[in-house]
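Structure assessment
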Amino acid sequence: MKKFGNTATKIKVILDVFNHGEKLKGKEIAQRIKEMGYRVNEGNIKMFIYYNMLHRYLKKEAINGVNHYFLIS
């Protein structure tokens, strides 16, 4: 299992998880990153997205009280 190195690596890996037009929950993002061979924690991924990626790379939409993230086109 690999560990995230730096902010640029984290951003690249998280963006690679998404397919075009797809909306994912934080849990689904963390699961896909785990399948790629990284050691991650769901809560840490959500906080990283909130502080470093929201409004720059991703947008969020609350559906039934659960945040779904999607790529900015």
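Described in the following lines is the structure provided in the data block. (Residues numbered from 1 in each chain as written. Predicted model: local features only at pLDDT ≥ 70, side-chain atom pairs only at ≥ 80, totals over all residues. Heavy atoms only, no water.)

1. Structural notes on the pairing of strand S2 (residues 58-63)
In this sheet, strand S3 (residues 66-71) lies alongside S2 in antiparallel orientation, the contact comprising 6 bridges. The residue of S3 that forms the bridge with Ile 63 is Val 66. (Pairing = 2+ DSSP bridges. Helix = DSSP H or I, 4+ residues; strand = E, 2+ residues; numbered from the N terminus.)

2. A few points about the side chain of His 68
Position of His 68 among the secondary structure elements: in strand S3. Relative accessible area serves as the criterion here: at 11%, His 68 is assigned to the buried category. Within the structure, the side chain of His 68 is placed 3.1 Å from the backbone oxygen of Val 66, a separation counted as a polar contact. Residues in contact with His 68, not counting those within four places in the same chain, are Lys 23, Leu 24, Lys 25, Lys 59, Lys 60, Glu 61 and Ile 63. (Buried < 20%, exposed > 50% of the residue type's maximum accessible area, 1.4 Å probe, protein only. Polar contact = N/O pair within 3.5 Å; in protein donor to acceptor, adjacent residues only side chain to side chain. Contact = heavy atoms within 4.5 Å.)

3. With respect to the side chain of Glu 22
Along the chain, the position of Glu 22 falls in the loop between helix H1 (7-17) and strand S1 (24-25). Of the polar contacts made by the side chain of Glu 22, one reaches the backbone nitrogen of Asn 19; its length is 3.0 Å. Once you skip the residues sitting within four places of it in the chain, Glu 22 turns out to touch Val 17, Arg 32, Tyr 69 and Phe 70.

4. Some remarks on the sheet that holds S3
Strands belonging to one sheet form pairs held by backbone hydrogen bonds; the direction of such a pair is parallel or antiparallel. With respect to topology, 3 strands assemble into an open sheet ordered S1-S3-S2, the strand pairing being antiparallel. In the strand order of this sheet, the two ends are held by S1 and S2, each with one partner. Two elements, S1 and S3, share 2 bridges in a ladder whose sense is antiparallel. In the strand pairing of S3, Lys 25 is matched with His 68.

5. Topic: the nonpolar core
One broad rule of soluble globular proteins: the nonpolar side chains tend to lie buried together. Formed by 19 residues in total, the largest nonpolar core has its most connected members in Ile 14, Ile 29, Ile 33, Ile 45 and Ile 49. Those elements that place two or more of their residues in this core are H1, helix H2 (26-35) and helix H3 (42-53). Among all residues touching Ile 49, those that are not within four sequence positions of it are Ile 14, Ile 29, Leu 54, Leu 58 and Tyr 69. (Core = buried A, V, L, I, M, F, W, Y, C linked by side-chain atoms within 4.5 Å.)

6. With respect to the packing of aromatic side chains
One pass over the structure, following the stated rule, counts 1 aromatic pair. With a centroid separation of 5.1 Å and an interplanar angle of 85°, the aromatic rings of Tyr 50 and Tyr 51 are classed as edge-to-face. Take Tyr 50: its relative accessible area is 47%, and that puts it in the partly exposed class. Here Lys 2 stacks its cationic end above the ring of Tyr 38, 4.6 Å away from the centre of that ring. Sitting above the plane of the Phe 70 ring, Lys 23 keeps its charged end 5.3 Å from the centroid. (Phe/Tyr/Trp six-rings, centres within 6.5 Å; stacked < 30°, edge-to-face > 60°. Lys NZ or Arg CZ within 6 Å of the ring centre and 35° of its normal.)

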